[in-house]
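An overview of the molecular structure
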Amino acid sequence: MSIPAAQLKKLLVEPNFVREDQLSFAEHEAKGNNTTIEEALVTHGFIADVHLGQIIANFLEMSFVDESREKVADDILRIIPDRVAKAQKMIAYKEDGDALCVATSHPENYDFIKLLEKKTGKKVNIAYATPTSIREGLKFYEKNLSEKVQCLIDDLQSNPENEDNVVKLVNHFIEYACDHGASDIHIEPLEKDVSLRYRIDGVLHEVATYPRRFHDQIVFRVKILA
């Protein structure tokens, strides 16, 4: 939900948080770049993202969360798969008793919130997060894969005969592809490492690397699955 320019003027210009010409410039940029006025204001340094988020959250009478600074457990993050989180602009970031806490820049998304409550069996508590914060928070999905790969590689280096770690690695590779809607998984051996890349929306993204000496074990596991 992008706050209309007229409302942002009341929230930001009248209290002198930003100038009127800065808001007008951001509005023009947002239209030209298919983004939000809020993101344009932050990108050009007219206002800090955290400050903007708190102002909008107060206006909406909601709590505010900065998703770029939240440390989210992987099991909580995966309650909303990456592809869905991107589409709905919503990230689960913690559980509070019988409630699931989510951050979103689209708090009016009532249908999805009801669906999430039905899926989890929990009450969903919503906090406002800016579009910029949500975009940064979505990067945790990629970070978590890299951290998992590194952890499993460390275990594999300590115990090269542990085939369970190879199985887990390949499972993570495939789960990540499914969550991100990838059309291809590229496992490419380089001089010293192996690059793990995914083709998402026609573009290849490298999300992890691992030592080349484990390449044959990974390929063997893929062949078994095939």
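A few points on the structure.

Reading the values: rules and limits
Residues numbered from 1 in each chain as written. Predicted model: local features only at pLDDT ≥ 70, side-chain atom pairs only at ≥ 80, totals over all residues. Heavy atoms only, no water. Helix = DSSP H or I, 4+ residues; strand = E, 2+ residues; numbered from the N terminus. Buried < 20%, exposed > 50% of the residue type's maximum accessible area, 1.4 Å probe, protein only. Contact = heavy atoms within 4.5 Å. Areas by Shrake-Rupley, 256 points an atom, 1.4 Å probe, with all protein chains shown as cover. Lys, Arg positive; Asp, Glu negative; His and termini not counted. Charge placed at Lys NZ, Arg CZ, Asp CG, Glu CD. Arc of directions from axis to C-beta. Core = buried A, V, L, I, M, F, W, Y, C linked by side-chain atoms within 4.5 Å. Phe/Tyr/Trp six-rings, centres within 6.5 Å; stacked < 30°, edge-to-face > 60°. Pairing = 2+ DSSP bridges. Axes fitted to C-alpha atoms, helices over the stretch in contact; angles between N-to-C directions. Salt bridge = Lys/Arg side-chain N within 4 Å of Asp/Glu carboxyl O. Patch = residues over 30% accessible without salt bridge, like charges linked within 9 Å, V, L, I, M, F, W, Y side chains within 5 Å. Parallel < 35°, antiparallel > 145°, perpendicular 65-115°, else oblique. Left-handed = near helix turned anticlockwise from the far one by under 90°.

**A look at the overall build of the protein chain**
Scanning the protein chain for helices and strands turns up 11 helices and 7 strands. Each of the 226 residues in the protein chain was classed as buried or not, and the buried ones make up 42%. In the protein chain, 52% of the contacts between residues at least 6 apart in sequence involve partners at least 24 apart. Summing over all exposed atoms, the protein chain offers an accessible surface of approximately 12,500 Å²; the carbon and sulfur share of this is 49%. In the protein chain, 28 positive and 38 negative side-chain charges are present, and the distance between their average locations comes to 2 Å.

**As for helix α11 (residues 215-225)**
By the burial criterion, the buried members of α11 are H215, I218 and R221. Axial view of α11: buried residues confined to an arc of 130°, hence all on one face. Of the exposed residues in α11, those oriented more than 90 degrees away from the buried face are D216, F220 and K223.

**Here's the deal with the nonpolar core**
By size, the foremost hydrophobic cluster in this structure holds 25 residues, and its most contacted members are I80, M90, Y93, V102 and L116. Mapped by element, the contributors of at least two residues to this core are α5 (74-77), β2 (90-96), β3 (99-104), α7 (110-120), β4 (123-128) and α9 (139-158). The contact partners of V102, leaving out residues within four places of it in the chain, are I80, M90, I91, A92, Y93, L116, V124, N125, I126 and A127. Core analysis: the next-biggest nonpolar cluster, separate from the first, contains 22 residues, I3, A5, L12 and L52 among them.

**A look at the packing of aromatic side chains**
Summed over all chains, the structure comprises 2 aromatic pairs. With a centroid separation of 6.1 Å and an interplanar angle of 80°, the aromatic rings of F25 and F46 are classed as edge-to-face. Of this pair, F25 sits in helix α2 (residues 20-33) while F46 sits in the loop between α3 (37-43) and α4 (49-60), placing them 21 residues apart in sequence. Overall, F25 belongs to the partly exposed group, its relative accessible area being 37%. Between F173 and Y210, the ring centres sit 6.2 Å apart and the planes meet at 20°, which makes this aromatic pair stacked. Placement of the pair is F173 in helix α10 (residues 163-180) and Y210 in strand β7 (residues 203-211), with a sequence separation of 37 residues. An identical accessibility class is assigned to F173 and Y210; each is buried.

**Side note on the sheet that holds strand β6 (residues 193-200)**
The strand order across the open sheet built from 3 strands is β5-β6-β7, with neighbouring strands paired in antiparallel fashion. At either end of the open sheet lies a strand with only one pairing partner, and these are β5 (184-189) and β7. On average, each strand axis in the sheet is inclined to that of its neighbour by 20°, with strand direction left out of account.

**A look at the pattern of salt bridges**
Enumeration according to the criterion identifies 9 salt bridges in this entry. Close ionic contact of K9 with E20 constitutes a salt bridge, the shortest N to O distance being 3.1 Å. Note that K9 is positioned in helix α1 (residues 5-13) and E20 in helix α2, a separation of 11 residues in sequence. For R19, the salt bridge is made with D21, and the minimal N-O distance between the two is 2.9 Å.

**Description of the sheet that holds strand β1 (residues 63-64)**
A sheet is described by the order of its strands in space; here 4 strands give the open sequence β1-β4-β3-β2, paired in mixed fashion. Because the sheet does not close on itself, it has two edges, and the strands there are β1 and β2. Bridging between β1 and β4 involves 2 bridges; their strand directions are parallel. Along β4, the bridge assignment pairs F64 with Y128. In this fold α7 packs onto β2, β3 and β4, with an angle of close to 140° to the strand it touches most, β4.

**Considering a nonpolar patch on the surface**
On the surface, a cluster of nonpolar side chains totalling about 230 Å² of accessible area is made up of I174, I185 and L225. Tracing the sequence through the fold places L225 in helix α11.

**A word on the packing of α1 against α4**
The contact between α1 and α4 brings their axes to 11 Å, and the two run at 115°. In terms of axis orientation, α1 runs roughly perpendicular to α4. The element α1 and its partner α4 pack so that their crossing is right-handed. Contacts from Q7, L11 and L12 in α1 reach L52, I55 and F59 in α4.

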